[in-house]
Amino acid sequence: LHAWLLHQRLVLEGSKAKQLDQDLFESCWTLVRNFMWLKKVPEYRFDAELRNVQEYMLGCCVYLDKALERPDILPARLQQVLWANIYSGEVKKDAVALTRLTKYCLRQLGLMLQLEAEPFLSGSFVWADFPVPDDPPRQLQLPVWRKEFAKVRKDM
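Residues numbered from 1 in each chain as written. Predicted model: local features only at pLDDT ≥ 70, side-chain atom pairs only at ≥ 80, totals over all residues. Heavy atoms only, no water.

Our next topic: the packing of aromatic side chains. Scanning the entire structure with this criterion turns up 2 aromatic pairs. Between Phe 120 and Phe 125, the aromatic rings sit 5.9 Å apart at their centres with planes inclined by 25°, giving stacked as the arrangement. As far as the burial class goes, Phe 120 and Phe 125 line up, both buried. Taken together, a centroid distance of 5.7 Å and an interplanar angle of 75° make the contact between Phe 125 and Trp 127 edge-to-face. Here a set of aromatic residues connected by ring pairs shows up, and it is made of Phe 120, Phe 125 and Trp 127. A cation sits over an aromatic face here: Arg 9 above Phe 120, 5.2 Å from the ring centre. We note Lys 93 situated over the ring of Trp 83; from NZ or CZ to the ring centre the distance is 4.3 Å. (Phe/Tyr/Trp six-rings, centres within 6.5 Å; stacked < 30°, edge-to-face > 60°. Buried < 20%, exposed > 50% of the residue type's maximum accessible area, 1.4 Å probe, protein only. Lys NZ or Arg CZ within 6 Å of the ring centre and 35° of its normal.)

Right, let's get into the nonpolar core. Grouped together as the largest cluster of nonpolar side chains are 31 residues, with contacts concentrated most on Leu 64, Leu 82, Met 112, Phe 120 and Phe 125. Elements that contribute at least two residues to this core include exactly helix H1 (2–13), helix H2 (18–38), helix H3 (43–67), helix H4 (74–85) and helix H5 (96–114). Setting aside residues up to four positions removed in sequence, Met 112 forms contacts with Leu 5, Leu 6, Arg 9, Phe 120, Phe 125 and Trp 127. (Core = buried A, V, L, I, M, F, W, Y, C linked by side-chain atoms within 4.5 Å. Helix = DSSP H or I, 4+ residues; strand = E, 2+ residues; numbered from the N terminus. Contact = heavy atoms within 4.5 Å.)

And the structure:
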């Protein structure tokens with residue numbers, strides 16, 4: 001989602017950000033490849049699995065783009081796309097997590113569209129704050145993949 005949000009802003013910057021946009025998506029595929037490598041996806045399935053992930057991610061981005069075509073009903077369309085593509089329809093359409101994710105995306109999209117070009121292109125911005133008052137604070141931990149990735153890099 002963050003790559004799509006960044007992409008939306010890079011498109012607004014036009015030709016001066018075209019290479020940065022291409023580099024962004026290439027970095028995404030590099031992350032996916034590294035994750036698949038860490039998960040020990042067999043070599044004979046690697047290309048097919050990567051292609052599947054790329055089709056899924058690009059398909060999600062296309063639907064997110066289409067949601068932007070109707071700003072008058074953007075929240076509802078965005079929620080539908082997230083429900084279908086992120087949750088694969090496996091949660092109720094009124095699930096709290098889906099509502100929060102929709103609000104989060106709208107808040108971040110608003111930030112992307114309001115940033116001045118220089119702070120955006122230099123990467124000197126912070127993602128919009130997103131308080132969740134209903135949940136008690138909890139200690140954040142590194143995702144498992146980060147620990148695995150760090151371990152593998154250390155062993156190399």
